[in-house]
Amino acid sequence: MAGAGRTAVGRTGAGRMIATGRTTGWGAAGRPVAGRRATARRPVAAAERKGLAGGGRTTTGRRDVRRSTVRLRIALRRLSRIAADSGTPVERLLPAFSARQIEELLADWPLWARLDQLPPAGDWTTWLVMGGRGAGKTRTGAEWVRAMVLGEAWAVGPAGGAAGRVALVGETLAAARDVMVEGVSGLLSVHQDDARPVWLPSRRRLEWPNGAVAEVFSAEDPDSLRGPQFAAAWGDEIAKWRHADATFDMLQFGLRLGARPRQVVTTTPRAVPLMRRLLADRGTAVTRARTADNAAHLAPAFLSAVVGRYAGTRLGRQELDGEMIEERADALWTRAEIEAVRLTGRPALRRVVVAVDPPAGSRRTSDACGIVAAGLDGDGRAVVIADATCRGARPETWARRAVALYHAEGADRLVAEANQGGDMVAAVIAQVDGRVAVEMVHATRGKWVRAEPVAALYAQGRVRHAGMFPELEDEMADFGLDGLSGGRSPDRLDALVWAITALVLQPCGAPRVRGL
């Protein structure tokens, strides 16, 4: 860390170093010296030698190291520069400090943090920390939570107070425990011994000596955030959350304690709806960091192997530079391709099918029931005409929804995947309307393999979109080799694939009489 201004180093006598700078010099035996402006090769007064030692008296009396903030930080930055220039370990330049004082210096996060790791100025509600792998995001979140709980001014601000209740939300409970709590840069690691909280894994909570409490939650269970209330929150890797929007919404309802409830969100960005929503929110303050910004704390092998290999690539820009790339490099569809097939009107259709991808359950956290309608125009091109996907619905509810779309569009077939529910799917549809022509299909290949032929039809211009289907198109642009970001199920996309497959890639079945 470079000092604040230019520093010249001279020597006076055995082992006596004096820095000609604005505030600090170094006296005998490496003792730090506080003065207005030191002059090279001049004697050092005894009173000056005590200035930054923390154990002596200055003209204003005995001061604690943590209260001499401005002067101390300038001195330490100069110290760091002197140590780097001379090749001398910093510890050898600190004999005037006690072990306790050195520990307090090392724990002074604003002293060591980069600017992007400190809270932005302004009246924000969400601090979004976007960074590459190993950029220091976890440390940033943990230090902010620590400072909020302990009431440190740099975190709480002039209008805030210490946070007595905090929410910690991770991708899963295991991820929250392993990274946010017990990790190398987690909350247990960033506290001094006398302020470190107690981790109660069976209750998923941290308890501080001052009475503050932090509870751990998983983005896999948004409803677990119903009821509790907080003064501060930390969400980690939100771009990977399985139920991102639902979890974040539930968290906002609980963020209602204190004069100024706030939250920090740390993540490597991905082009998911919640990320776009936060970036567009006027209450969000954003800081960005690259992996290279934290290179001094990363293994050289990682820097040479990973950074050297991916730097400048699309994946590297996202995972190393912390940029939000709107399209995945391995996605089957690009947004440009989707825009190119959009129609402003709706052509006449000679065949229509409704495809259903039923969920395994009906809880709010269960996968959605994908329901998509598509038809064939006069030129034999498939046209997507409706997305009626629903979430958290009981079987009879999504069956009514699918049957209603079937009749509204004058469909001649309803295609339903049988892997989830088997004969139950056909039975529940028959209970709603026995006249519906139902075709049960079985998925014998993976989602990517089934979707590839459909993506090829898009590339050939043989599929059109009659209107805009934002949520369906988000899934299309985010569907890569490993599925959707965050492990979500591509329910809308699955239904689309079944509909297009039935219309274009399978032989047409014989016409059926649905009823008189």
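Residues numbered from 1 in each chain as written. Predicted model: local features only at pLDDT ≥ 70, side-chain atom pairs only at ≥ 80, totals over all residues. Heavy atoms only, no water.

Our focus in this paragraph is the pairing of strand β19 (residues 463-466). Of the two faces of β19, the one carrying V463 and H465 and the one carrying R464 and A466 are both buried. Where strand β13 (residues 342-343) lies against β19, two bridges are found, and the strand directions are parallel. The partner of R342 across the bridge, within β19, is H465. One ladder, built from three bridges, connects strand β16 (residues 382-387) with β19; its direction is parallel. Within β19, the residue paired with V384 across the bridge is H465. (Buried < 20%, exposed > 50% of the residue type's maximum accessible area, 1.4 Å probe, protein only. Helix = DSSP H or I, 4+ residues; strand = E, 2+ residues; numbered from the N terminus. Pairing = 2+ DSSP bridges.)

Another point: the sheet that holds β13. Taken in spatial order, the seven strands make up an open sheet running β13-β19-β16-β15-β14-β17-β18, and their pairing is mixed. Since the sheet does not close on itself, it has two edges, and those belong to β13 and β18 (438-441), each with one partner.

Estimated volume of the largest pocket: approximately 970 Å³. Lining the largest pocket we find 31 residues, and of these A135, G136, R139, S185 and N294 sit closest to its centre. Contributing elements (two or more residues each) for the lining of the largest pocket: α4 (109-112), α5 (137-150) and α7 (173-181). A per-element tally of the lining of the largest pocket places α5 first, with three residues. Looking at the lining of the largest pocket residue by residue, the class counts come to 12 nonpolar, eight polar and 11 charged. Lining the second largest pocket are 31 residues, and of these R242, D245, R391, E471 and R488 sit closest to its centre. At four residues, helix α16 (residues 470-477) tops the list of elements feeding residues into the lining of the second largest pocket. Across the lining of the second largest pocket, the residue classes break down as 13 nonpolar, four polar and 14 charged. (1 Å grid on protein atoms, 1.4 Å probe; cavity = no way out; pocket = protein on both sides within 12 Å on 5 of 7 lines; lining within 4 Å. Points joined across faces, edges and corners; volume = space filled by probe spheres on them. Nonpolar A, V, L, I, M, F, W, Y, C, P; charged D, E, K, R; others polar.)

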